[in-house]
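Residues per chain, in single letters:
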Amino acid sequence: MLTITDLAQTKIVELIDKSPNPVKGLRIGATSVSPLKVDYRMAFIAQGQENDDDTVIPYDGFDVYVDPDSGDNVQEATVDYVEGLMGSGFKIERPRDLPEGVDGSLLDRVQHVLDEKINPAVSGHGGRVSLIDLKEKTVFLQLEGGCQGCGMADVTLKQGIEVMIKESVPEIEEIYDVTDHANGKNPYYRAP
């Protein structure tokens with residue numbers, strides 16, 4: 001069942017009330033990138049933007065519309081409204097499905113390194129690193145934002161990210177970048 005925290009519900013109703021255009025409801029969609037990563041999107045919709053095959057979930061003051069392809073991932077999700085140093089906004093998360101043979105503590109330790117050491121460092125360049133998969137002792141990462149298509153991405157991976165992960169989680173033997181760097185829209189550094 002989709003969970004929307006009380007704070008998130010309050011903020012959604014506030015935004016609907018402030019909208020200059022009539023709002024029919026809120027659409028939440030999800031695309032599964034890997035067993036460990038789901039990309040969520042959320043947008044207000046107007047009358048006529050709903051679909052016949054949408055699942056409609058009623059909340060106090062608004063309805064949520066979910067397309068059939070997003071259903072399973074949205075059903076497990078929690079929508080929250082968070083405030084932090086980088087600003088405030090909505091955050092959508094779901095419990096992770098661990099790949100077969102992966103120890104949850106190993107996954108948590110790798111994610112901790114990403115959250116506490118790597119992402120704060122690359123965020124200065126508009127980048128982010130996401131854990132896409134973990135198979136046995138191999139980590140698969142995706143570089144996003146300013147890191148996607150950056151001419152220094154390989155150096156950052158080999159001399160920065162890989163070193164930090166292996167120092168903190170010595171069980172990890174290999175780290176692969178599965179990013180489609182050719183489609184980077186706003187790389188921090190373009191190779192000459």
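Residues numbered from 1 in each chain as written. Predicted model: local features only at pLDDT ≥ 70, side-chain atom pairs only at ≥ 80, totals over all residues. Heavy atoms only, no water.

Undergrad: Explanation requested: the overall build of the chain in the structure shown.
TA: The number of helices and strands found in the chain is four helices and ten strands. For the chain, the residues scored as buried account for 38% of the 192 residues in total. A separation of at least 24 residues holds for 60% of the contacts in the chain among residues at least 6 apart in sequence. Summed over all atoms, the accessible surface of the chain reaches about 11,200 Å², with 49% contributed by carbon and sulfur. (Helix = DSSP H or I, 4+ residues; strand = E, 2+ residues; numbered from the N terminus. Buried < 20%, exposed > 50% of the residue type's maximum accessible area, 1.4 Å probe, protein only. Contact = heavy atoms within 4.5 Å. Areas by Shrake-Rupley, 256 points an atom, 1.4 Å probe, with all protein chains shown as cover.)

Undergrad: Would you mind showing me how to read the sheet that holds strand β10 (residues 174–177) here?
TA: Hydrogen bonding along the main chain pairs the strands of a sheet, whether they run parallel or antiparallel. Taken together, the three strands give an open sheet; going across it, the order is β8-β9-β10, and neighbouring strands pair in mixed fashion. Two strands bound the open sheet, and with one partner strand each, they are β8 (127–135) and β10. Across this sheet, the average inter-strand angle for adjacent strands is 30°, counted without regard to direction. Pairing of strand β9 (residues 138–145) with β10 involves four bridges; the strand directions are parallel. Considered in β10, the bridge of F140 is made with Y176. (Pairing = 2+ DSSP bridges. Axes fitted to C-alpha atoms, helices over the stretch in contact; angles between N-to-C directions.)

Undergrad: How do you make sense of the packing of aromatic side chains when you look at a structure like this?
TA: The geometry of an aromatic ring pair comes down to the distance between the two centres and the angle between the two planes. Applying the stated criterion across every chain, the model contains three aromatic pairs. Considering the side-chain rings of Y81 and F90, the 5.1 Å spacing of their centres and the 75° angle between planes classify their relative orientation as edge-to-face. Consider the rings of F140 and Y176, whose centres lie 5.7 Å apart with planes at 25°: the pair is stacked. Note that F140 is positioned in strand β9 and Y176 in strand β10, a separation of 36 residues in sequence. We classify Y176 as partly exposed; its relative accessible area is 38%. Residue placement shows K135 over the ring face of F140; its charged tip is 6.0 Å from the ring centre. (Phe/Tyr/Trp six-rings, centres within 6.5 Å; stacked < 30°, edge-to-face > 60°. Lys NZ or Arg CZ within 6 Å of the ring centre and 35° of its normal.)

Undergrad: Would you explain the nonpolar core in this entry?
TA: Soluble globular proteins: nonpolar side chains tend toward being buried together. Core analysis: the biggest nonpolar cluster contains 20 residues, and L2, I4, I28, F62 and V64 have the highest contact counts within it. Looking at this core, the elements with two or more residues in it are α1 (6–18), β2 (25–34), β3 (37–45), β4 (55–59), β5 (62–66) and β6 (78–84). Not counting the four nearest positions on each side in its chain, F62 is found in contact with I4, Q9, I12, V13, I16, L26 and I57. (Core = buried A, V, L, I, M, F, W, Y, C linked by side-chain atoms within 4.5 Å.)

Undergrad: Looking at this model, I keep getting lost on the environment of R109. Mind explaining?
TA: Here R109 shows up in helix α3 (residues 104–122). Relative accessible area serves as the criterion here: at 31%, R109 is assigned to the partly exposed category. For the pair R109 and V169, spaced 60 residues apart in sequence, the C-alpha separation works out to 6.8 Å. Leaving out residues up to four positions away in the same chain, R109 has contacts with S168, V169, P170 and E171. At 2.7 Å, the side chain of R109 and the side chain of E171 are in polar contact. (Polar contact = N/O pair within 3.5 Å; in protein donor to acceptor, adjacent residues only side chain to side chain.)

Undergrad: Mind showing me how you'd approach the side chain of S130 here?
TA: Positionally, S130 belongs in strand β8. On the basis of relative accessibility, which here comes to 7%, the residue S130 falls in the buried class. Apart from the residues lying within four places of it in its own chain, the contact partners of S130 are K37, L114, F140, L141, Q142 and E144.

Undergrad: I tried to follow the pattern of salt bridges on my own but got confused; where do I start?
TA: A pair can form between side chains of opposite charge whenever their charged atoms are brought close. Under the defined criterion, the tally for this structure stands at seven salt bridges. Its salt-bridge partner being K11, residue E14 comes within 3.9 Å of it at the nearest N-O pair. With a gap of three residues between them, E14 and K11 both fall in helix α1, about one helical turn apart. In this structure, D54 engages R27 in a salt bridge whose closest nitrogen and oxygen atoms are separated by 2.7 Å. Of this pair, D54 sits in the loop between β3 and β4 while R27 sits in strand β2, and the two are 27 residues apart along the sequence. Residue D54 is classed as buried on the basis of its relative accessible area of 9%. (Salt bridge = Lys/Arg side-chain N within 4 Å of Asp/Glu carboxyl O.)

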